[in-house]
Amino acid sequence: STLAMQITSDPFVKVKDLIQKLIERLLKEATSEASKKGFCDEQMGKAKNDRDFRYEDVQKLSIELGSLEAKKDALAAEVESLTEALKKQNKELTEATELRGKEKASNEETLVKAKEGLEAVAEALLILKNFYSKAESLLQASPVDEDTSGPGFAGPYKGKVEASKGVIGILEVIKSDFERTIRTTEASESKADAEFVEFDRASKADVAGKETKKVLSEQDLKTTK
């Protein structure tokens, strides 16, 4: 009968319905899983890209830090080198200035003494030449070959005139020595002064350049700390 058929087919209908619902649920879950997987894959991709970008940033930062550290070391070494060089150069300049001062004082003293000696010898030569010139004139005018035997007269005037030539010759040699000393000392002083002026200017210019470089390097060094 119709009722019997409905009763007989009901279990299949129910099973079919259950299967349909199961399939729908599985499809829904599969879709959901696919969506989750897509989201996860997307997030994983973003995370991987972020990781790659961060790695590159770290690499760049590491390189920059290494470069900065190398620059810092180079600047520190340069400042130390400039400090030592300036210390040495200033010492050498001070010593050279002191030596030049002593040399100048010595030359001035030599010139003073040589000029005083030259003046004295020149005066002595003038006096002696005048005296012996007059004596020779008197001798030539006198008919007497021998002097009187009084005090201070030991021989003929002729002998004294001949002796005077030897004295004058010695004084002229001394005069020539003084003149040579003056010439050589003045030339030496002029040369030494010119050389020192050149050395002084060059040294001070070099010191100024090193001091400026040191200040700039110290400022750069502060920026690396």
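Computed from a predicted structure; not experimentally measured.

> How would you summarise the confidence of the model for the protein chain if you had to cite specific residues and measurements?
Predicted confidence across the protein chain gives a mean pLDDT of 77, with 62% of residues reaching 70 or more. Confidence drops under a pLDDT of 50 for residues 1-8, and excluding neighbours within four residues, the segment shows zero contacts in the predicted structure. Low pLDDT, under 50, characterises residues 143-157; the predicted model gives this stretch nine contacts beyond four residues in sequence or across chains.

> Mind laying out the pattern of salt bridges, listing which residues take part and the relevant values?
Under the counting rule described, the total for this entry stands at 13 salt bridges. Across the pair Glu-109 and Lys-113 runs a salt bridge, and its minimum N-O distance is 3.2 Å. With Glu-109 and Lys-113 both in helix 1 (residues 2-141), this residue pair falls four residues apart, about one helical turn. A relative accessible area of 44% places Glu-109 in the partly exposed class. Members of the salt-bridge network, linked through shared partners, are Arg-100, Glu-103, Lys-104, Glu-108, Glu-189 and Asp-193.

> A description of the side chain of Gln-89 should follow, citing residues and the corresponding values.
Relative to the elements of secondary structure, Gln-89 occurs in helix 1. Gln-89 gets classed as buried once you look at its relative accessible area, which sits at 14%. A polar contact is formed between the side chain of Gln-89 and the side chain of Asp-206, at a distance of 2.8 Å.

Scoring rules and cut-offs
Residues numbered from 1 in each chain as written. Predicted model: local features only at pLDDT ≥ 70, side-chain atom pairs only at ≥ 80, totals over all residues. Heavy atoms only, no water. pLDDT = per-residue confidence, 0-100. Contact = heavy atoms within 4.5 Å. Salt bridge = Lys/Arg side-chain N within 4 Å of Asp/Glu carboxyl O. Helix = DSSP H or I, 4+ residues; strand = E, 2+ residues; numbered from the N terminus. Buried < 20%, exposed > 50% of the residue type's maximum accessible area, 1.4 Å probe, protein only. Polar contact = N/O pair within 3.5 Å; in protein donor to acceptor, adjacent residues only side chain to side chain.

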